Amino acid sequence: MATAVVSGRVDEKVRQRADAYIRAAGFTPAEVIKVVWENIARTGEVPEETPAVATQGPMERLAELRESFGEADWLVNLTKEEMRDMIASRYA
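The rules behind the values
- Residues numbered from 1 in each chain as written.
- Predicted model: local features only at pLDDT ≥ 70, side-chain atom pairs only at ≥ 80, totals over all residues.
- Heavy atoms only, no water.
- Salt bridge = Lys/Arg side-chain N within 4 Å of Asp/Glu carboxyl O.
- Helix = DSSP H or I, 4+ residues; strand = E, 2+ residues; numbered from the N terminus.
- Buried < 20%, exposed > 50% of the residue type's maximum accessible area, 1.4 Å probe, protein only.
- Contact = heavy atoms within 4.5 Å.

Trainee: Please clarify how the pattern of salt bridges should be interpreted in this entry.
Mentor: Opposite charge on two side chains lets them pair, provided their charged atoms get close. Scanning all chains against the criterion turns up two salt bridges. Taking the shortest distance from any N to any O, the salt bridge between Arg15 and Asp19 comes out at 2.4 Å. Within this pair, Arg15 and its partner Asp19 are both found in helix H1 (residues 12-24), separated by four residues, close to a single helical turn. Residue Asp19 is classed as buried on the basis of its relative accessible area of 15%. Here the salt bridges do not stand alone but share partners, grouping Glu12, Arg15 and Asp19 into one network.

Next comes the structure, spelled out in structure tokens:
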């Protein structure tokens, strides 16, 4: 099977962050690119760009994550005694 080299350019900070995630997942950038291209060839679907995620800072990502969990009414409505008992039970 013949192979071809595919190249592109991204912001250096984006590359560094992506490299860290890719390596933490046990892959190389080349393996990820190969998988993406093979998926496009197989499905005909190109992944959509999500610029809001790429430009979000840590605080914006934290806020988004917090919103995804929804309200924790049971925790908010605990009395002082219930909170004390819950904490004590975890360290007993």
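Trainee: Looking at this structure, I do not really get the environment of Leu75. What am I missing?
Mentor: By the secondary structure assignment, Leu75 is in helix H5 (residues 73-76). Assessed through its relative accessible area of 34%, Leu75 is described here as partly exposed. A C-alpha to C-alpha distance of 12 Å links Leu75 and Ile87, two positions twelve residues apart in sequence. Among residues more than four places away in sequence, those in contact with Leu75 are Met83 and Met86.

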